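So the chains spell out like this:
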Amino acid sequence: MNTEILYLFLTPAIAGILIFLVGRKSRVVAETLALLGTIVTFVIALKIFIATTHGEVLTLYSSQLRMDALSGLIAGLVALLGLIASCYSIPYMRREVEVGAIQAERMGTYYGWFMVFLATMLCATTVNNIILLWVIIEGTTLASIILVGFYWNKDAIEAAYKYAILLTVGITFALFGCVLLYSGASAQVTGGVDPLKLTEIAKVAGKMPKSIVLLSVVMLLVGFGTKAGMVPFHTWLPDAHAEAPTPISAMLSGVMIKVGVYALIRTVLIFYPFYPIVSTLVLVFGMLTMVVGVIMMMMQDDLKRFLAFCSVTSMGYILMGLGLANYLGIYGGIFHLLNHSLMKSLAFFSVGAVIYSTHHRRVSELGGLGKYMPISAVAFYVATLALGGLPFFNGFISEFTLFIAGVKAGFPWATVVAVAVAILNVAIFIHLTYQVFMGEAPENLKAAGIKEVPVMMWGGMLILAFLCLLIGVYPQIVSPILNEATKAVFATIAMP
Amino acid sequence: MQEFAKIISTISLSMIITSYLIIELRNLKYAAYVYMIQAFLMCTLFAIFAIDNPGLYYWAATAFVTKVVIIPWLLLRYIKKTTDREFQPLIGYLGSIFLISAVVILLYRVTHSYIGFVAPSQFATAEPFRTNLAVSLSIFIMGLYCILVRRDAIKTVHGLLILENGVHLSLVTLAPALRETALIGIVTDVVIAVWILLYVIYGIYQKFGSTDTLQLRGLRW
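The shown structure was predicted, so the numbers you read here are calculated from the model rather than taken from an experiment.

Bringing the overall build of chain A into the picture now. When helices and strands are tallied, chain A shows 19 helices and 2 strands. The C-alpha radius of gyration computed for chain A amounts to 21 Å, which stays within 12% of the reference 23 Å derived for 496 residues, consistent with globular compactness. A burial count over chain A gives 65% of its 496 residues as buried.

Shown next as structure tokens:
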């Protein structure tokens, strides 16, 4: 079972290399390889997910690679969304070629980078070495720059440039933080233990000099926080999410920013028992992220930018949970991470369906699409109601968990702010849903003969919508998984 | 290591001077050549530190291949494809030199005086490691300054490279026992990042007609 850690990221990596080698001349070959690669990767990830969320810890190469329930959960999400996004990409990107937005010969490049991007994200969940974690997190950025700017028009290139420069500079701060952590741990570990291992660094977290800890935490928050879309380092996020092809937007928002959070959990949370200021810092950044995100949401007319800022708000909720530093808070943070991956990718996929059918993405240019695209409309309703945090949808359960955790942790002000943001969220989402899918369709859209999207696109949306509803109605189904993931976080934190 | 203290100090000072030149030279090609010299100086420093710690010879060799050969080659290749004249910066020569000098002198003094704040062990507070750490932090800040105030996209890449050199240099003091695999991982990321960034900047040049980042205003709010 342990060797499957290797197959988890080697499978998509090999598929990506094969696509670059043989898939660039034939679109069908590239699509087939990508689809096969994501199916096999999903099967491997599912096996790892089941094993790790039942309490097993997988290790390889003297624990240089290590997967526990948290890694297993995130790897499972990445593989699931990777599979859905690759299916979705086939009709979506073919249409982009048909309308002339992309040249047909570039499809191999798209699928090649897509698979490499998937491989880097999966690899990030497996490494237990602080420098390799940094290398792979930077790898996720490098693998996705070309995908963000894939349309290669003015807006896409601008988004790709901002994405590349901001994340690369941000991650250089994280490198300084990682090196400081490693050097601080090196001075403390004894008996031939490898101070590069995250699990070993965590064991001596309380022995490191306070100045080193604080300096490295600030550097890591800037670095991995930029990756996670934390305010004020979030400015790349709306541009990249909006300008990338929709399946990539779904991957960026659904899972890539979560990989940044994962890195923060592995490197910053280990100091919680010794330096309470660290958790307060995470909480404050979380609340700031949440408030700025919801304010910016209100100012958007472009559907994809709107969803991008909604991701910023949601990252605020996740960081809030992690910053509360109690069991329920971290449980709620991981719960919201899971829910946000499902509901936000669903939202992007359904917005992609709108773009596919209408070629419009401005809210003011849309309306009444529910009649013409009933499946996409249902998917969009589920996504928006879940993101808005309405009862019987998964977003409500995780947000409610966070509200309770805030009060229990002694931060009622955080709960008050979070509730206010949630109310605003509901109002914004109901307004948006009405504008896009209800009412009367504009004449130009009626004349264009809008149709529902193909099954390769709506199939994945229905699966995600079902999961959002299932978790919303019967949250106990994910409780054991979340408990194991939360326990895995606490298991790597040394206690004073 | 004490017998090499003077050479180490001279090379460290030269690294600060080369960072100044990379930032202030308006000809991007010359700035790339100076970057090559700075990278070579860093390799020399690694080689000197390797006398006590032979593992660092690998670092010197890796840094030479990536930072003295590959990265300058990439830079010069893309500068040839675009332009070698830096787009008018936001702050002129005098203002820039005054500002950056003030920041560097202040940071260097603070780091050198309060080295215990960033040094993980007693060993790191002794010379020449103390100077190495102060110089690397100063170079890091100079790189950040270059990224923040320069409007030319290729100059921003130069800033990023200075920033990376600052971190790389600090590894001698902070992580001298770091394995070659980790180091190769770090420098590979840097090379790929520079290559992809230059590729995107070439796209900016083709679509916008220049490498001026102030033109990138299509996406706001």
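Resuming the write-up.
This part covers the overall build of chain B. Within chain B, the regular secondary structure consists of 8 helices and 0 strands. If you list the helices and strands of chain B from N to C, you get α-α-α-α-α-α-α-α. Taken over the C-alpha trace, chain B has a radius of gyration of 18 Å; the compact-globule value for 221 residues is 17 Å, and the two agree within 12%. Its C-alpha atoms put chain B at 55 × 35 × 35 Å along the principal axes. If you take every contact in chain B between residues at least 6 apart in sequence, the share linking residues at least 24 apart comes to 71%.

Okay, the environment of I79 of chain B next. Residue and element names in this part refer to chain B. Among the structural elements, I79 can be located in helix α3 (residues 56–81). We classify I79 as buried; it has 20 C-beta atoms within 10 Å. Taking the C-alpha atoms as reference, I79 lies 34 Å from A50; in sequence the two are 29 residues apart. Ignoring any residue separated from it by four or fewer positions in sequence, one finds I79 in contact with L28, K29, A32, D84 and I154.

Turning next to helix α13 (residues 327–358) of chain A. Residues and elements named next belong to chain A. Compared with the 46 Å implied by 1.5 Å per residue over 32 residues, the 46 Å span of α13 between its first and last C-alpha is a close match. Most of α13 sits out of view: 29 of its 32 residues are buried. Immediately beyond the C-terminal end of α13, within one or two residues, lies H359, with a positive phi of roughly 65°.

Attention now moves to the interface of chain A and chain B. Taken together, the contact between chain A and chain B spans 38 residues of the former and 35 residues of the latter. For the side of chain A that touches chain B, the secondary structure elements donating two or more residues are α5 (130–148), α6 (154–186) and α8 (210–227) of chain A.

Residue and element names in this part refer to chain A. One finds I131, L346 and C468 to be the most contacted residues of the largest nonpolar core, which totals 277 residues. The element best represented in this core is α6, accounting for 22 residues. Not counting residues within four places of it along the chain, the set of residues in contact with C468 comprises L342, M343, L346, V382, A386, F393 and N394.

Here we come to the packing of α6 of chain A against α8 of chain A. All names here are of chain A. Look at α6 against α8: their axes get within 7 Å of each other, and the N-to-C directions meet at 150°. Looking at the two axes, α6 sits roughly antiparallel to α8. Every pair of crossing elements has a handedness; the one defined by α6 and α8 is left-handed. Only I212, V213, L215, S216, M219, L220, V222, G223, F224, T226 and K227 of α8 make contact with α6, whose side of the interface consists of L166, L167, G170, I171, F173, A174, F176, G177, L180, L181 and G184.

A few words now on the packing of helix α3 (residues 69–98) of chain A against helix α10 (residues 246–267) of chain A. Residues and elements named next belong to chain A. Interaxial distance between α3 and α10 falls to 9 Å at its minimum, and their mutual angle equals 165°. By the angle between their directions, the pair α3 and α10 is classed as roughly antiparallel. Judged by the twist between their axes, the crossing of α3 over α10 is left-handed. Every residue of α10 that contacts α3 at L70, I74, L77, V78, L81, A85, Y88, S89 and Y92 is listed here: T246, P247, A250, M251, G254, V255, K258, Y262 and I265.

With that settled, the discussion passes to the environment of E4 of chain A. All names here are of chain A. Locating E4 in the fold gives a position in helix α1 (residues 4–22). A tally of 17 C-beta atoms within 10 Å means that E4 is categorised as partly exposed. For the pair formed by E4 and M251, sequence separation is 247 residues and the distance between their alpha carbons is 23 Å. If we ignore the near neighbours within four places in the chain, the residues touching E4 are I44, K47 and I48.

All names here are of chain A. The residue after V231, namely P232, is reached through a cis peptide bond having omega 10°. Positive phi values are uncommon outside glycine, yet Y61 reaches one of about 50°. Tracing the sequence through the fold places Y61 in the loop between β1 (58–60) and β2 (65–67). One non-glycine residue, S62, lies in positive phi territory at about 50°.

As a further point, take α6 of chain A. If you check α6 of chain A, its first and last C-alpha atoms are 47 Å apart, about what 33 residues at 1.5 Å a residue would give, namely 48 Å. Burial of α6 of chain A is extensive: 31 of the 33 residues sit out of reach of the surface.

Time to look at the confidence of the model for chain B. Averaged over every residue, the pLDDT of chain B is 87; residues scoring 70 or more account for 97%. Two summary scores accompany this predicted model of the complex, namely pTM at 0.93 and ipTM at 0.92.

All names here are of chain A. Looking at the element boundaries, L303 is found in helix α12 (residues 303–324). Under the C-beta neighbour-count criterion, L303 is labelled buried, with 26 such atoms within 10 Å. What L303 contacts, discounting residues up to four positions off in sequence, is V351, R361 and V363.

Quick notes on the rules
- Residues numbered from 1 in each chain as written.
- Chains lettered and ligands numbered in written order.
- Predicted model: local features only at pLDDT ≥ 70, side-chain atom pairs only at ≥ 80, totals over all residues.
- Helix = DSSP H or I, 4+ residues; strand = E, 2+ residues; numbered from the N terminus.
- Rg over C-alpha atoms; globule rule 2.2 N^0.38 Å.
- Buried ≥ 20, exposed ≤ 12 C-beta atoms within 10 Å, placed from the backbone.
- Contact = placed C-beta atoms within 7 Å.
- Expected span 1.5 Å × (residues − 1).
- Core = buried A, V, L, I, M, F, W, Y, C linked by C-beta atoms within 7 Å.
- Axes fitted to C-alpha atoms, helices over the stretch in contact; angles between N-to-C directions.
- Parallel < 35°, antiparallel > 145°, perpendicular 65-115°, else oblique.
- Left-handed = near helix turned anticlockwise from the far one by under 90°.
- pLDDT = per-residue confidence, 0-100.

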